[in-house]
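The residues making up each chain are set out below.
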Amino acid sequence: MRSPLPDYLTEVLDGCADTSGAVADYIPGLAGVDPDRFAISLLTADGTSYSVGDDETEFTIQSVSKPFVYGLALQERGFEKVLDVIDVEPSGEAFNEVSLERNTGRPLNPMINAGALAAHALVLNGRRSEQAVESIRSLLSSLAGRELVVDEEVAASELENSYRNVAIANLLRGYEVFEDDPDEIVEGYIRQCSVTVTTKDLAMMAATLATGGIQPVTGEQIFSRDVVRQVLSVMATCGMYDAAGDWLSTVGIPAKSGVSGGIIGILPGQLGIAAYSPRLDEHGTSVQGVAAFGRLSRDMNLHLMDAPMLAHSVLRRRRVVGEGDAALTILELQGDLNFTNSEGIIRAVVDEPVETKRLALDLSLVRAILSVGRRMLLEMIGRLHLDGTEVIVIDPDERLPDPDAGYGFRPRVYGSLEDVEESQPDAGAQTEPERGHSARK
Ligand code: GLN
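Being a predicted model, the structure only gives us computed values, none of them experimental.

Engineer: Just give me the short version of the layout of surface pockets, but keep the residues and values in it.
Structural biologist: Rolled over the atoms, a probe sized like a water molecule indicates the empty space that remains. If you add up the space inside the second largest pocket, you get close to 300 Å³. At the level of secondary structure, the elements contributing two or more residues to the lining of the second largest pocket comprise α10 (199-210) and α11 (225-238). Top element by residues in the lining of the second largest pocket is α11. It accounts for 5 residues. When grouped by side-chain class, the residues that make up the lining of the second largest pocket number 6 nonpolar, 3 polar and 3 charged.

Shown next as structure tokens:
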């Protein structure tokens, strides 16, 4: 069978055809591009690529570099330093607006030029400009999974017309947001914006944010999960400048646009998406790109705020095996143990108290236990123990490693129900954890 996905994406390309808008002309190097180019690329979190249209066309990354350079600054300089220099509040203004906090001059967020110039200075960190640009180029290359280069021609043409960015950089220098030469910051920032990419590269970069920082194809951990969470939060609130609220309510995913016509979007845990089409709307965002994202979001239910289908019960089955003192209540759990699911398990035990002396939590079908789920499960085990119920755990895949329920109690751990049945029914609580067949006598 041929995958229907490329056919679907082609249909989206055709359905979003629109010749309105205009190519950015304030950067002369951009004015000459073919306005009819249009491409969409998707990359799933497990590294599968679907891509249609002009996905081999190279264009300069422009503002789509901002979230990644912000991530690099966070990674290299730490959260405290970066948050001290750049705020995370939506400005509601255009990308090149002078949006600085009153009195301090702190840029409102890292997605507008003021904040991006400051983020570039944080990466520069007193080094030579070439070194900062190289570390950014190399970061973007690892994210894309191939060596990217700076289009020096576009950079030079923007540099000659960078009055606005020079003004912002001088203002930032005046407020001592950074101590470097403002011209050097502008030049480095403009070269950062001139790294050339295709939509396939951008989808790969976006997907690396979708996976919590792991490049889905090379497997390299490029950003920590904390950095990714911060970057995605700022993209969600500020990534689309003065259209950020409209974008979040209609498309509903963290995104970033650039004046060359690229847009990336990230569905955390699932997908990186990129679109390219150079005609821009009044916000400096690709007209066809916005249409494509809107369509993908609607068709594919990508909106993050869509109420999820009611989570199916994590308690798959409750049953009692054996009789008398050997009777055992088994709670078969399934899925992911987040707060809500763990609350459901606790409620099941509170509302319908366990009447046998022993209770088994069967985690065989549990996929993942978040730290909140672990804490809640262990607390429940500890409290049941205090009430006189001996809890054991069936955990073949070690979803709950080294369980210490507190109150001086550690539940026995078995690999399967058979292992439980073969063991002594009244073996009692252990002070040391034991696993699987080692619990047999
Ligand atoms: N290099 C461009 C600028 O600073 C990037 C702006 C953008 O893509 N929105 O003006």
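Engineer: How would you sum up the pairing of strand β10 (residues 315-321)? Please name residues and give values.
Structural biologist: With 6 bridges connecting them, β10 and strand β11 (residues 328-337) associate as antiparallel partners. Within β11, the residue paired with Arg317 across the bridge is Glu332. Connecting β10 to the antiparallel partner β11 that follows it, the hairpin turn spans 6 residues, and Gly322 within it adopts a positive phi of roughly 75°.

Engineer: Now, about the pattern of salt bridges: what can you tell me, with residues and values included?
Structural biologist: One pass over the full model with this rule turns up 25 salt bridges. The salt bridge partner of Arg191 is Glu152, with a shortest N-O separation of 2.6 Å. One end of the pair, Arg191, is in helix α9 (residues 182-193); the other, Glu152, is in helix α7 (residues 152-159), with 39 residues separating them in the sequence. Looking at Glu152, the relative accessible area reads 40%, which means it is partly exposed.

Engineer: Hey, could you go over the site of the ligand for me, with residue numbers and the actual values?
Structural biologist: Every residue close to the ligand is listed here: Tyr26, Gln62, Ser63, Phe95, Asn113, Glu158, Asn165, Tyr189, Cys193, Tyr241, Gly258 and Val259. A distance of 2.8 Å separates an oxygen atom of the ligand from a polar atom in the side chain of Tyr189. Within the backbone of Val259, an N or O atom sits 2.8 Å from an oxygen atom of the ligand. A majority-of-atoms criterion places the ligand in the largest cavity. Classifying every residue of the shell around the ligand gives 6 nonpolar, 5 polar and 1 charged.

Engineer: So what's going on with empty space enclosed by the protein? Which residues, and what values?
Structural biologist: This structure, assessed with the given rule, holds 1 cavity of 30 Å³ or more. Its boundaries defined by the atoms lining it, the largest cavity holds a volume of some 50 Å³. Of the residues belonging to the lining of the largest cavity, the class tally is 5 nonpolar, 4 polar and 1 charged.

Basis of the calculations
Residues numbered from 1 in each chain as written. Predicted model: local features only at pLDDT ≥ 70, side-chain atom pairs only at ≥ 80, totals over all residues. Heavy atoms only, no water. 1 Å grid on protein atoms, 1.4 Å probe; cavity = no way out; pocket = protein on both sides within 12 Å on 5 of 7 lines; lining within 4 Å. Points joined across faces, edges and corners; volume = space filled by probe spheres on them. Helix = DSSP H or I, 4+ residues; strand = E, 2+ residues; numbered from the N terminus. Nonpolar A, V, L, I, M, F, W, Y, C, P; charged D, E, K, R; others polar. Pairing = 2+ DSSP bridges. Salt bridge = Lys/Arg side-chain N within 4 Å of Asp/Glu carboxyl O. Buried < 20%, exposed > 50% of the residue type's maximum accessible area, 1.4 Å probe, protein only. Near = heavy atom within 4 Å. Polar contact = N/O pair within 3.5 Å; in protein donor to acceptor, adjacent residues only side chain to side chain. Sits in = over half its atoms within 2 Å of the grid points.

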